[in-house]
Amino acid sequence: MRRQLLALSLLVASVSLAEGGEKQAPSPQSARPAAKKPTADKPPAASVPAALPLRPVPNPSHPPYRWEVPGLIDWVDAAGVQISDGVPLTLQMARSKLTLEELLQHFATSFEKAGLFIPPGNEQLRAFKEPQLTALDPERLVAYTVIFQPNPNKTVTVILGTSDLSAYDPAAQARPGWAPVPPGARQLLSTELEGAQTAVFEVPSTKEEVMAFYRDAMKRGGFVEQEPGEFRRGGEQILVFTESKDGKLSVGITRKQLVQGAP
């Protein structure tokens, strides 16, 4: 399920940045995050293959951004382009021998040099505990998000997300047909990845009210609650999870078909 959450995290961060960036008339120079100065003996950066075919922009002021990972050990492409709410996005993963601080500095600097808009740290939306950095190409409406995961062997895994927001249409958002959504839900985003369907949204309710809503609705739909937030009907599983942040309650629901005989 983590891959689905990662895809949604990238989409939510990208959409939030695009909406904020359009209002703020972004200037990369005005939002440079503070970071350590990179060491002189840093290994050279290696290019990661481009993730998305980008639409042409007439008279662009800068070329499209390309991921570069310094100290690259290996990288893995995602299984093709995913579509979430009409937004094409990709996930790529790489592993680097550099430290987390060096990688943060590298991506902050490369985003700035590429002419991307980097919002201040307090406006960087995060869905996970790991450090995360998102920047926007305001000309192409393409968002780039990198999530950093330190490893026990002192390497760092970087998750590289590219989202093409040029086709994003908030008015076209549709509620999922596979699970109910509580009254008052807003900012709904949904995606389908690797056979699982996921949706996230905000509600003006408490966690207890949301879980009570789903226990009642899922029971009426023939589902049985196996564990708190886990509902099953035959080989169909729906998971409900919540997170409270800054006085708002975010809700995520995921649906997938279980393999027969699997626990």
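Our structure's up above, just so we're on the same page.
Residues numbered from 1 in each chain as written. Predicted model: local features only at pLDDT ≥ 70, side-chain atom pairs only at ≥ 80, totals over all residues. Heavy atoms only, no water.

### With respect to the overall build of the protein
And then number 1: Secondary structure assignment for the protein yields 3 helices and 14 strands.
And then number 2: Burial analysis of the protein (263 residues in total) assigns 46% to the buried set.
And then number 3: The long-range share in the protein, meaning contacts at least 24 apart out of those at least 6 apart in sequence, stands at 59%.
And then number 4: Only carbon and sulfur atoms are counted for the fraction: they give 53% of the accessible area of the protein, which is about 13,400 Å². (Helix = DSSP H or I, 4+ residues; strand = E, 2+ residues; numbered from the N terminus. Buried < 20%, exposed > 50% of the residue type's maximum accessible area, 1.4 Å probe, protein only. Contact = heavy atoms within 4.5 Å. Areas by Shrake-Rupley, 256 points an atom, 1.4 Å probe, with all protein chains shown as cover.)

### Quick notes on the pattern of salt bridges
And then number 1: Enumeration over the complete set of coordinates arrives at 8 salt bridges.
And then number 2: Arg-232 is paired through a salt bridge with Glu-230; the nearest N and O atoms lie 2.9 Å apart.
And then number 3: Residue classification places Glu-230 among the buried positions, given a relative accessible area of 11%.
And then number 4: Close ionic contact of Glu-236 with Arg-233 constitutes a salt bridge, the shortest N to O distance being 2.8 Å.
And then number 5: Residue classification places Glu-236 among the buried residues on the basis of a relative accessible area of 8%.
And then number 6: Salt bridges linked by common partners bring Arg-233, Glu-236 and Arg-255 together as one network. (Salt bridge = Lys/Arg side-chain N within 4 Å of Asp/Glu carboxyl O.)

### Focus: unusual backbone geometry
And then number 1: The backbone of Asn-59 sits at a positive phi, close to 50°, despite the residue not being glycine.
And then number 2: On the secondary structure map, Asn-59 appears in the loop between β1 (45-47) and β2 (68-70).

### Structural notes on helix α3 (residues 207-220)
And then number 1: Along its 14 residues, α3 runs 20 Å from first to last C-alpha, staying within 8% of the 20 Å computed at 1.5 Å per residue.
And then number 2: Of all the residues in α3, the buried ones are Val-210, Met-211, Tyr-214, Ala-217 and Met-218. Projected down its long axis, α3 carries its buried residues within an arc of 135°, all on one side. Looking at α3, the residues exposed on the side facing more than 90 degrees away from the buried face are Glu-208, Lys-219 and Arg-220.
And then number 3: Of the surrounding secondary structure, the elements contacted by the buried residues of α3 are β10 (196-203), β12 (230-233), β13 (236-245) and β14 (248-257).
And then number 4: Gly-222 sits one or two residues past α3 and shows a positive phi near 90°. (Expected span 1.5 Å × (residues − 1). Arc of directions from axis to C-beta.)

### Some remarks on the packing of aromatic side chains
And then number 1: Summed over the entire model, instances satisfying the criterion amount to 9 aromatic pairs.
And then number 2: When the centroid spacing of 6.4 Å and the interplanar angle of 50° are considered together, the rings of Phe-107 and Phe-111 count as tilted. One end of the pair, Phe-107, and the other, Phe-111, are both in helix α2 (residues 100-113), 4 residues apart, so they sit about a helical turn from each other. We note that Phe-107, like Phe-111, is buried.
And then number 3: Three or more aromatic residues joined by ring pairs make a cluster, and in this case those are Tyr-65, Trp-67, Phe-107, Phe-111, Tyr-144 and Phe-148. (Phe/Tyr/Trp six-rings, centres within 6.5 Å; stacked < 30°, edge-to-face > 60°.)

### Digging into the pairing of β13
And then number 1: Of the pairings in the sheet, the one linking β12 to β13 comprises 4 bridges and is antiparallel in character. Within β13, the residue paired with Glu-230 across the bridge is Leu-239.
And then number 2: Across 10 bridges, the pairing between β13 and β14 is antiparallel. Across the sheet, Leu-239 pairs through a bridge with Thr-254, a residue of β14. (Pairing = 2+ DSSP bridges.)

### Observations regarding the environment of Thr-242
And then number 1: Its location among the elements puts Thr-242 in strand β13.
And then number 2: Note: C-alpha distance between Thr-242 and Glu-208 (34 residues apart in sequence) is 9.9 Å.
And then number 3: In contact with Thr-242, not counting residues within four places along its chain, are Lys-207, Val-210, Leu-249, Ser-250 and Val-251.

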